[in-house]
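Summary of structural features
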Amino acid sequence: MINKARQTITFGAATVPVRTYAVGLSYTLAPLATASSGLAVSYASTTPNICDISGTTVTVQAAGLCTIEASQDGNALYFSATDAQQSTTINPAAQSITFPAKVPQSYVPNGLFAINPPATATSGLTVEYASTTPGVCMTAGTDVMIGSVGTCSITASQTGDQNYTAATPVNRDIAINAVAPGPPLLNETLDSDGTTRL
């Protein structure tokens, strides 16, 4: 009768211990794990919401701590080995906002206009708007409500999520111009008190 031998797994720290999240990011596991028995080692992710693994290729799903577990189940000559782990930190990626300049708007009491073209974030996340001049304008989603003549200042922001850090806000000024009075109507004159007389 042949007694089974014990085996151990050697699985060193990740060659690149910190990576930055990107859509579709994948990398080759390094270093690979080895078993003292010489038997092949299998890999699995213990954090499938952060990363998964196929063969020795790790595919990142989200920012966070990606942990890969190496195992060797043994055979007729070797007992199964104690599992070993290797972790890689996936940091959130930076993002930026593009907010094109805006054309002036004519003052209309309680007027409304759309922010067009809109601001966009490199992350693809939704950008939010806020007015820093509430006496001149207010925002409602991607619409701007006119309050008075003046400079309407709109700030575009994106606060980030698990995969992206907050973007630096971008401000745009929009001139709200007074509308010159139109010409008098036919046979229209103004009395000395400013009232209209036909």
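Everything in this summary refers to the structure shown in the same document. (Residues numbered from 1 in each chain as written. Predicted model: local features only at pLDDT ≥ 70, side-chain atom pairs only at ≥ 80, totals over all residues. Heavy atoms only, no water.)

**Let's talk about the overall build of the chain**
Condition: For helices the rule is a DSSP run of H or I covering at least 4 residues; for strands it is a run of E covering at least 2, with both sets numbered from the N terminus onward. Between the two quantities, the radius of gyration covers C-alpha atoms and the globule rule is 2.2 Å times the number of residues to the power 0.38. Here the term buried applies to any residue with accessible area under 20% of the maximum for its type, exposed to any over 50%, and partly exposed to those in between, with areas from a 1.4 Å probe on protein chains only. Note on contacts: a residue pair is in contact if any heavy atoms of the two residues lie within 4.5 Å.
Looking only at helices and strands, the chain features zero helices and 20 strands. Over its C-alpha atoms the chain spans a radius of gyration of 32 Å, topping by over 25% the 16 Å that the globule rule assigns to 198 residues. With respect to the three principal axes, the spread of C-alpha positions in the chain is 125 × 20 × 20 Å. Looking at the 198 residues of the chain, the share that counts as buried comes to 32%. Here the analysis covers contacts within the chain between residues at least 6 apart in sequence; of these, 58% occur between residues at least 24 apart.

**Observations regarding the environment of Ile176**
Looking at where Ile176 falls in the secondary structure, it is placed in strand E18 (residues 170–177). Note: C-alpha distance between Ile176 and Asn116 (60 residues apart in sequence) is 15 Å.

**What to know about the side chain of Ser37**
The condition is simple: Pairing of N or O atoms within 3.5 Å defines a polar contact, subject to two protein rules: one partner must be a possible hydrogen donor and the other a possible acceptor, and residues neighboring in sequence count only if both atoms are side-chain atoms.
By the secondary structure assignment, Ser37 is in the loop between strand E4 (34–35) and strand E5 (42–45). Residue classification places Ser37 among the buried positions, given a relative accessible area of 15%. There is a polar contact of 3.1 Å between the side chain of Ser37 and the backbone nitrogen of Leu39. Once residues within four sequence positions are removed from consideration, Ser37 is found in contact with Gln7 and Tyr78.

**Quick notes on unusual backbone geometry**
Here the residue pair Ala30 and Pro31 is connected by a cis peptide bond, since its omega of -5° sits within 30 degrees of zero. In this structure, Pro31 sits in the loop between strand E3 (26–28) and E4. We note that Asn110 has phi near 60°; this positive angle belongs to a residue other than glycine. With respect to the helices and strands, the residue Asn110 is situated in the loop between strand E11 (105–106) and strand E12 (112–114). Looking at Asn110, the relative accessible area reads 74%, which means it is exposed.

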